[in-house]
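What follows is each chain in one-letter form.
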Amino acid sequence: MSASWQERGFGGKEVDLSFDLLINALIAGILLGGFYAAVTIGVSISFGILDIVNIAHPAFIILGSYIAYIVNARLGIDPIAISIIMLPVFYLLGAGIYQIYYESFERRGQEALRGLSFFFGLLFVTEVMLILVFGVDYRYVEAAYIGPSWRIGVVDLPLRMLVPCIAALVLFAALELYLSYTFIGRAIAAVAQDQLALRLMGASPIRIKRIAFGISIATAAVAGALLIIIQPVEPSVGREYIGRVFAICVLGGLGSLPGTVIGAMLLGIIESFTATFYGPSWAPAVAFGVLLLTLAFRPAGLLGR
Amino acid sequence: MILIAVAAVVFFGARLVSNDYVFFAGYTVLQFVVLATAWNILGGYTGYVNFGSAAFFALGAYATVFLHKSYPLPIPLLIVIGGIVSGIVGLGMGYLTLRLRGAFFAIATLALAVVLQTLVVNWDYVGGSRGAYIIRPNEIEFIGPYIQYLFLVMLALAVLALTIARGIERSQLGYGFATIRDDELAAEASGVPTLRLKLIATTLSGALMGMAGAPFPYYIGYLQPSSAFGLEYAVNSIAMPMIGGTTSWVGPLIGAILLGSLQQIATVTISSVVNLLIVGLLLVAFVIIAPNGIVGLVQGWTRGRAK
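Procedures and definitions
- Residues numbered from 1 in each chain as written.
- Chains lettered and ligands numbered in written order.
- Predicted model: local features only at pLDDT ≥ 70, side-chain atom pairs only at ≥ 80, totals over all residues.
- Heavy atoms only, no water.
- Helix = DSSP H or I, 4+ residues; strand = E, 2+ residues; numbered from the N terminus.
- Rg over C-alpha atoms; globule rule 2.2 N^0.38 Å.
- Buried < 20%, exposed > 50% of the residue type's maximum accessible area, 1.4 Å probe, protein only.
- Contact = heavy atoms within 4.5 Å.
- Lys, Arg positive; Asp, Glu negative; His and termini not counted.
- Charge placed at Lys NZ, Arg CZ, Asp CG, Glu CD.
- Buried area = accessible area lost by both parts, 1.4 Å probe.
- Salt bridge = Lys/Arg side-chain N within 4 Å of Asp/Glu carboxyl O.
- Polar contact = N/O pair within 3.5 Å; in protein donor to acceptor, adjacent residues only side chain to side chain.
- Phe/Tyr/Trp six-rings, centres within 6.5 Å; stacked < 30°, edge-to-face > 60°.
- Lys NZ or Arg CZ within 6 Å of the ring centre and 35° of its normal.
- Pairing = 2+ DSSP bridges.
- Expected span 1.5 Å × (residues − 1).
- pLDDT = per-residue confidence, 0-100.
- Axes fitted to C-alpha atoms, helices over the stretch in contact; angles between N-to-C directions.
- Parallel < 35°, antiparallel > 145°, perpendicular 65-115°, else oblique.
- Left-handed = near helix turned anticlockwise from the far one by under 90°.
- Nonpolar A, V, L, I, M, F, W, Y, C, P; charged D, E, K, R; others polar.

(A) Here's a closer look at the overall build of chain A. What chain A contains, in helices and strands, is twelve helices and two strands. Put simply, chain A runs from its N terminus to its C terminus through helices and strands in the order α-α-α-α-α-β-β-α-α-α-α-α-α-α. Scaling as 2.2 N^0.38, a compact globule of 305 residues should have a C-alpha radius of gyration of about 19 Å, and chain A matches this with 19 Å. The dimensions of chain A, computed from C-alpha atoms along their principal axes, are 65 × 45 × 35 Å. For chain A, buried positions account for 59% of its 305 residues. Long-range pairs, those at least 24 residues apart, make up 78% of the contacts in chain A between residues at least 6 apart in sequence. Here chain A carries 18 positive and 18 negative side-chain charges, and the mean point of each set is 10 Å from the other.

This is the structure we're talking about:
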């Protein structure tokens, strides 16, 4: 299933030299890692900063993929452009979900059991609805950069991987700037540390959290468009990303966006090597191994507080 | 005791109907009773969410397939082995993640299902992605058709699970679990051995799920990774206790019987995808509107009338 991109990542050519193989696996891993960063950044905000365990995030990413697919198939617009148009819609969706979450669980102190079950239910309902509407066939998008790849020496740079990686890094840079230099951005960082101080500054923690959660869901629109560029998508693909996303989050250190990018790159590289030397069908297990090892040896993550 | 009596009535009642379909459908419902009760021992009593019910269930099922290929054993023995395997995995998972925040355990169980499925798909001995056939005998001595035997086995398991859950509730263990659910820090501070209690709960819960899975290959006859790891197990074993009520052993039982029967009807009359959608929507609706499930609603109603 998830194997398709890894196999095509090498352009289907026979690579004899093990050095070539190594360097290509490394490059493929970095490109893949960039994409993983886009997938994880939303969870890094919701889980890392806001302490909301949004396990439904991958479902919203798949939703983003399907929206990119529909619009692309009907109007032929570029998937990334579609996702940027969809940002406000996903933002409102996220803000609405946070409102329900806050009223029903956070305020009553029930986020542990019922809040988690709520997100699990959302994840499940979204997936089943997509199956009902679109079936379980793989869907894909059309764009000029999906076919060709650049070749620099022995290194293969498939544009299908390169474009999402660059888009992801742009997304990351924009968010990092927003969080560091705007009032609301700083307030989001503060909400995790001291809600009382935030209230004294004249900002409502609930409003700040609603904005932040909206942003975190909005990133799913972009991540979804990138996902369907990289690989064909069917409704249950999201499940493979749950383990990955949280593994990256924990590996990078909760609440640290730079940590998220580093963690994503690391996981991308490890998965790419696993796929090259042991076969692509083992890749989903890698994330889990990384998650368990991190939890066992360094629960704070690489750049954790 | 009462439970055993009820179970006997159920079995002989089902025999009177003498329609095999009743046993097929009943088996599934009972299987969900076991899964929901097992989930609730951890989720409802201690407040730790397990999203990997499908993984524990499949572990039991694949333990059976593995043994069936090497050395066939009678089903009760297979159940014990499936329970031990899943219990050990539950213990290991708990040991790695339960010392941290609760969310990590939930996430790890969610990922566990994906990983175990990857392992099974890559493991040819148990059938890999193609699946494995289990040929079951048609008849069995003293009881009759094989499906009735399977039904009886699952009925016994359901009684066992409910007895354990009920026993926990009335013992010191149950009070220990409740202190963890209500305020873990305070419990730890007043000397409750929280880690040990949580590990007991994960092991028990995992073991029961594995036991529910062990006879499954004989029931279905052809075991595929996608059917053993089916998402319906994960979602149902959460939805049933949540809808029934998580604080007592009656909740999961009610939830499982209601939702289980509803799904048996819906699968036949509508489609299995729609019926999963119904379960998902019910889960979301109940956690928002009726946080204590049907049991909570009934309690609130009777209390309201008493006033």
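(B) Expanded view of the overall build of chain B. If you tally the helices and strands in chain B, you get 15 helices and four strands. Projected onto its principal axes, the C-alpha positions of chain B cover 55 × 45 × 40 Å. A burial count over chain B gives 57% of its 307 residues as buried. By sequence separation, contacts in chain B at least 24 residues apart represent 78% of the contacts at least 6 residues apart. Taken together, the 14 basic and 10 acidic charged side chains of chain B have centroids lying 6 Å from each other.

(C) Representation of the interface of chain A and chain B. Counting from both sides, the interface comprises 41 residues of chain A and, opposite them, 41 residues of chain B. Carbon and sulfur atoms make up 83% of the surface buried where chain A meets chain B, a total of about 3,700 Å² over both sides. Where chain A meets chain B, there are zero salt bridges. For the pair chain A and chain B, the number of links is one residue pair in polar contact (both at pLDDT 80 or more). Looking at the side of chain A that touches chain B, the elements that each hand over two or more residues are α4 (79-106), α5 (111-134), α10 (237-252) and α12 (283-297) of chain A. Counting residues per element, the side of chain A that touches chain B draws most heavily on α5 of chain A, at 16 residues.

(D) Layout of the pattern of salt bridges. Residues and elements named next belong to chain B. Scanning the entire structure with this criterion turns up four salt bridges over all chains. When the shortest N-O distance is used, the salt bridge between Arg 181 and Asp 182 registers 3.5 Å. Note on Arg 181: relative accessible area 31%, which makes it partly exposed. The class for Asp 182 is exposed, based on a relative accessible area of 58%. In this structure, Lys 198 engages Glu 184 in a salt bridge whose closest nitrogen and oxygen atoms are separated by 2.6 Å.

(E) Here's a closer look at unusual backbone geometry. Residue and element names in this part refer to chain A. Phi is positive for Asp 51, close to 65°, though the residue is something other than glycine. For Asp 51, the position within the fold is in the loop between α2 (18-49) and α3 (57-75). Residue class for Asp 51 comes out partly exposed when judged on its relative accessible area of 43%.

(F) The packing of aromatic side chains, seen in detail. Residue and element names in this part refer to chain A. For the structure shown, the criterion picks out 28 aromatic pairs over all chains. Judged by centre distance (5.8 Å) and plane angle (45°), the ring pair of Phe 35 and Tyr 36 falls under tilted. Taking the centre distance of 5.9 Å and the plane angle of 50° together, the rings of Tyr 101 and Phe 105 count as tilted. With Tyr 101 and Phe 105 both in helix α4, this residue pair falls four residues apart, about one helical turn. An aromatic cluster is present here, built from Tyr 98, Tyr 101, Tyr 102, Phe 105, Phe 118, Phe 119 and Phe 213 joined pairwise through their rings. Arg 244 extends its terminal NZ or CZ atom over the ring of Tyr 241, reaching a point 4.8 Å from the ring centre.

(G) Spatial organisation of the pairing of strand β2 (residues 155-158) of chain A. All names here are of chain A. By the alternation rule, side chains of β2 split into Val 155 and Leu 157 and Asp 156 and Pro 158, which are all buried. Pairing analysis gives four bridges linking strand β1 (residues 149-152) to β2, with the strands arranged antiparallel. Bridge pairing links Ile 152 to Val 155 in β2.

(H) Region of the structure containing helix α6 (residues 159-181) of chain A. In this model, α6 of chain A (23 residues) spans 32 Å end to end at C-alpha, consistent with the 33 Å of a helix rising 1.5 Å per residue. Among the residues making up α6 of chain A, those that are buried are Leu 159, Arg 160, Met 161, Leu 162, Pro 164, Cys 165, Ala 167, Ala 168, Leu 171, Phe 172, Leu 175 and Leu 179 of chain A.

(I) Main features of the confidence of the model for chain B. Residue and element names in this part refer to chain B. A residue-level look at chain B finds 93% of positions with pLDDT of 70 or above and a mean pLDDT of 82. Of all helices and strands in chain B, the one with the weakest mean pLDDT is strand β2 (residues 139-140) (66), whereas helix α9 (residues 194-213) scores best (89). Taken together, the chains of this predicted complex give a pTM of 0.83 and an interface ipTM of 0.81.

(J) Quick look at the environment of Leu 150 of chain B. All names here are of chain B. Tracing the chain through its elements places Leu 150 in helix α6 (residues 146-169). A relative accessible area of 0% means that Leu 150 is categorised as buried. The spacing of Leu 150 and Pro 215 is 65 residues in sequence and 7.4 Å in space, taken between C-alpha atoms. With residues up to four places along the chain from it excluded, the contact list for Leu 150 reads Tyr 27, Ile 75, Pro 215, Tyr 218 and Tyr 219.

(K) Structural view of the packing of α2 of chain A against α10 of chain A. Residues and elements named next belong to chain A. Between α2 and α10, the least distance of the axes is 9 Å, while the angle of their chain directions is 70°. With respect to each other, α2 and α10 are oriented roughly perpendicular. Crossing hand, α2 versus α10: right-handed. Side by side, α2 and α10 meet where Phe 35, Tyr 36, Val 39, Thr 40, Val 43, Ser 44 and Phe 47 of the first sit next to Tyr 241, Arg 244, Val 245, Phe 246, Ile 248 and Cys 249 of the second. Class assignment of the residues belonging to the contact of α2 with α10 gives a composition of ten nonpolar, two polar and one charged.

(L) Quick peek at the side chain of Asn 236 of chain B. Residues and elements named next belong to chain B. Within the secondary structure, Asn 236 sits in helix α12 (residues 231-244). With relative accessibility at 0%, the residue Asn 236 sits in the buried group. Other than its neighbours up to four places away in sequence, Asn 236 contacts Phe 32, Pro 241, Leu 259, Gln 263 and Val 279.

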